[in-house]
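Residue-level listing of the chains:
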Amino acid sequence: MKHYRPFAWMMAIAIAGMTVTACSSDDNEPEMPFTIDPIEKTALYACGIGQSETRSVADSQNVLFTEDDIEWFSVTTREIKFKDMDEPLYKRMQPFREIEFHLGDNALFVVSSFVGDWDSRVFADLVLHYDEITDSAQGHYYLQDCYPSQFIETDEVKTNIKKNEGKWELFTCYLESMGKLRK
């Protein structure tokens, strides 16, 4: 629940601003519509989806991380750097079979699995890969189109990449607007 506090404060300030704007209208001034950039009133977060759950069940109890937990995201390597958390992210993700990324009320994309370097399964869709072999002192997280990466040229993976193209653009544009994108 502590992840929702900044979002709640932002919404409260926006509502208070609308109220003050509406109350302080001068009759001599032309009335200007109050608008908020849609990106400013949304929040990026990811929910875990368990074996028996459906996507509609994802709620605040299943929130794995929010935009506040993201330090930066690299477009070139697709590494997503998280800030230090009370509990390591890889431990939070263990009970879930999928991870659904949301931007406000809209689902962006579903990550089919959370995988580690030790995983021998093949995934032809998005995965969150925890790499601890490259740097054993500190693991790294990557959003990858498939796992292992040598399957990137298969037709199934190419189809999934195409399907997620627009959603990736929303994801990266939002992170760029928050100053969390590395190119």
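Residues numbered from 1 in each chain as written. Predicted model: local features only at pLDDT ≥ 70, side-chain atom pairs only at ≥ 80, totals over all residues. Heavy atoms only, no water.

(A) Structural view of the pairing of strand β1 (residues 44–49). The element β1 is largely enclosed, with a buried count of six among its six residues. Here β1 shows no split at all, with L44, A46 and G48 on one side and Y45, C47 and I49 on the other all buried. The pairing of β1 with strand β5 (residues 98–103) spans six bridges and is classified as antiparallel. Its bridge partner being in β5, G48 is matched across the sheet by I99. (Buried < 20%, exposed > 50% of the residue type's maximum accessible area, 1.4 Å probe, protein only. Helix = DSSP H or I, 4+ residues; strand = E, 2+ residues; numbered from the N terminus. Pairing = 2+ DSSP bridges.)

(B) Region of the structure containing the pairing of strand β6 (residues 106–111). Here five bridges tie β5 to β6, and the two strands are oriented antiparallel to one another. Its bridge partner being in β6, I99 is matched across the sheet by V111. Counting the residues that bridge the hairpin from β5 to β6 gives two residues, and of these G104 lies at a positive phi of roughly 65°.

(C) Local environment of the sheet that holds strand β7 (residues 113–116). One open sheet holds the six strands; their spatial order is β7-β8-β9-β4-β3-β10, and the pairing between them is mixed. Of all the strands in the sheet, the pair left with one neighbour each is β7 and β10 (181–182). Two elements, strand β4 (residues 79–82) and strand β9 (residues 140–144), share two bridges in a ladder whose sense is antiparallel. Paired with I80 across the bridge in β9 is Y141.

(D) Representation of helix α3 (residues 155–177). For α3, spanning 23 residues, the distance from its first C-alpha to its last is 33 Å, which sits close to the expected 33 Å at 1.5 Å a residue. The axis of α3 is deflected most strongly, by about 50°, at E165. Taken together, the buried positions of α3 are V157, N160, N164, W168, F171, T172, Y174 and L175. Turning to α3, the residues buried within the fold contact β1, β3 (70–74), β5, β6, β9 and β10. (Expected span 1.5 Å × (residues − 1). Bend = angle between axes of the 7 residues up to and from the residue. Contact = heavy atoms within 4.5 Å.)

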